Structures are given as C-alpha cells and as structure tokens.
Amino acid sequence: MSTAMGVRLVHNLTHPSDLVIDLADGPQLARAVIAAHRRSHLHPAHPGGWGREPATLIVTGWPPEASPGEFFARCRAGLVPGGCVAVLLPHGDVTLPVDVVIAAKQAGLAYLQHIVAADRPPRRGQRTQLDIHTDVLILTRSATDTGSADG
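The model shown is predicted, which means the values in this text are computed figures rather than measured ones.

**Some remarks on the overall build of the protein**
For step 1, the next point in the chain: The secondary structure content of the protein amounts to four helices and six strands.
For step 2, the next point in the chain: For the protein, the N- to C-terminal ordering of α and β elements is α-β-α-β-β-α-β-α-β-β.
For step 3, the next point in the chain: Each of the 151 residues in the protein was classed as buried or not, and the buried ones make up 40%.
For step 4, the next point in the chain: Look at the contacts in the protein between residues 6 or more apart in sequence, and 66% of them connect residues 24 or more apart.
For step 5, the next point in the chain: As displayed, the protein offers around 8,700 Å² of accessible surface, 53% of which is attributable to carbon and sulfur atoms.

Here it is in structure tokens:
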C-alpha cells in the first residue's frame, strides 16, 4: 500500500477522534494515522483482541494468520457500528475478492466498495496498460445490525 492510499483510507473512513487498528505491513498507514491526528493500535494489544475500545477502521493485509471466518468475526467484534475493514489484496487473482466478501459476509460484515489504485493516471490519446499497485476491499459493520452474524 502506498502512503497516498493510507492517507485516503484514514481521511475518508475516519474522524479525528476515531481509533484505527493497523495490521498492514509497512509504515505507510502509521504515517497516515499520525499525519491525520488519529489514534491507533499498530499491532494486536493482546492475543484475545485489539484492545478494549472498538475501532472505526481496521486495515489488514491478506491472507490473515487465522482462518478467514475467525479473522472477520474478530474484526466485526472490534469495530464500532458503521466501522470499516480495509483488506489489502494481492493483485492478479480475480476470484480472490469474491472469496474475501463471502467469508466476511458469513461473519456479519457487508461489502461496501472495491478500490483499485494505479501508479499513474492514463494519458489522453495513449493506450497504456495501468500498473495496479493496490487492490483494497472495504467491508463494513452495519450501523443497524442487531449483533447477530446473520445481520
């Protein structure tokens, strides 16, 4: 993930007092959190969870260390209603986003959007192949759910 993508995620999905959980590799999201004056947990606070306070945004790479179902259930439990999980996907596998959304839905998270970031914008009059550097799935915990994984 680029620093610019981290900045966009933090600014678009959180407010200044919100908590961000950074499970992504690299310092890009941490830089964005600091620049945006947000609070963050950079790593799990303890094996049972990410701390006592629910977060507004969790950013993670893929695949998780735990099974996808267990991981998304943990994410859902660690989010405020309306909070989001941003999943950074390895680019190239066209079936992977569908698999991730299915696992997230089974844990009670809903699909919100799919962001594809390229390293340079296309130029008028030139046919160029875009070099995709980040695929991000945004999943959300419904603000109106009743607490059940079935929604």
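From this point, the narrative continues.
**Quick notes on the nonpolar core**
For step 1, the next point in the chain: Within the largest apolar cluster, 20 residues are counted, with the highest numbers of intra-cluster contacts made by F72, V85, V87, V100, L109 and L139.
For step 2, the next point in the chain: Elements with a contribution of two residues or more to this core: strand 1 (19-23), strand 3 (55-61), helix 3 (68-77), strand 4 (79-89), helix 4 (96-106) and strand 6 (132-140).
For step 3, the next point in the chain: With sequence-adjacent residues up to four places away left out, V87 is seen in contact with T60, W62, F72, V100, D135, V136, L137 and L139.
For step 4, the next point in the chain: Listed in part, the 18 residues of the second largest apolar core include L57, L88, V136 and I138.

**Re the layout of surface pockets**
For step 1, the next point in the chain: Approximately 150 Å³ is the volume attributed to the second largest pocket.
For step 2, the next point in the chain: As for the second largest pocket, its lining consists of M5, R8, L9, N12, L13, Q113, I115, V116, A117, A118 and I138.
For step 3, the next point in the chain: Across the lining of the second largest pocket, the residue classes break down as eight nonpolar, two polar and one charged.

**Description of helix 3**
For step 1, the next point in the chain: For helix 3, the complete set of buried residues consists of F71, F72, C75 and R76. What you see down the axis of helix 3 is that its buried residues fit within an arc of 135 degrees, all on one side. In helix 3, the exposed residues that point more than 90 degrees away from the buried face are E70 and A77.

**As for the packing of aromatic side chains**
For step 1, the next point in the chain: Evaluation of the coordinates by the stated rule reveals two aromatic pairs.
For step 2, the next point in the chain: Ring geometry for W62 and F72: centres 5.5 Å apart, planes at 20 degrees, overall stacked. Placement of W62 in the loop between strand 3 and helix 3 and of F72 in helix 3 is noted, with a sequence separation of 10 residues between them.
For step 3, the next point in the chain: A relative accessible area of 15% means that W62 is categorised as buried.

**Some thoughts on the pairing of strand 4**
For step 1, the next point in the chain: Of all 11 residues in strand 4, eight are buried, a share of seventy percent or more.
For step 2, the next point in the chain: Direction of pairing for strand 3 relative to strand 4: parallel, over a ladder of six bridges. Residue pairing across strands places G61 opposite L88, the latter belonging to strand 4.
For step 3, the next point in the chain: Once the chain exits strand 3 it traverses helix 3 before rejoining the sheet at strand 4, and the crossover so formed is right-handed.

**Let's talk about the environment of V87**
For step 1, the next point in the chain: Of note, V87 is situated in strand 4.
For step 2, the next point in the chain: Along the backbone, V87 and L23 are 64 residues apart, and their C-alpha atoms lie at a distance of 9.7 Å.

What counts and what doesn't
Residues numbered from 1 in each chain as written. Predicted model: local features only at pLDDT ≥ 70, side-chain atom pairs only at ≥ 80, totals over all residues. Heavy atoms only, no water. Helix = DSSP H or I, 4+ residues; strand = E, 2+ residues; numbered from the N terminus. Buried < 20%, exposed > 50% of the residue type's maximum accessible area, 1.4 Å probe, protein only. Contact = heavy atoms within 4.5 Å. Areas by Shrake-Rupley, 256 points an atom, 1.4 Å probe, with all protein chains shown as cover. Core = buried A, V, L, I, M, F, W, Y, C linked by side-chain atoms within 4.5 Å. 1 Å grid on protein atoms, 1.4 Å probe; cavity = no way out; pocket = protein on both sides within 12 Å on 5 of 7 lines; lining within 4 Å. Points joined across faces, edges and corners; volume = space filled by probe spheres on them. Nonpolar A, V, L, I, M, F, W, Y, C, P; charged D, E, K, R; others polar. Arc of directions from axis to C-beta. Phe/Tyr/Trp six-rings, centres within 6.5 Å; stacked < 30°, edge-to-face > 60°. Pairing = 2+ DSSP bridges. Right-handed = clockwise from strand over helix to strand, strands pointing away.

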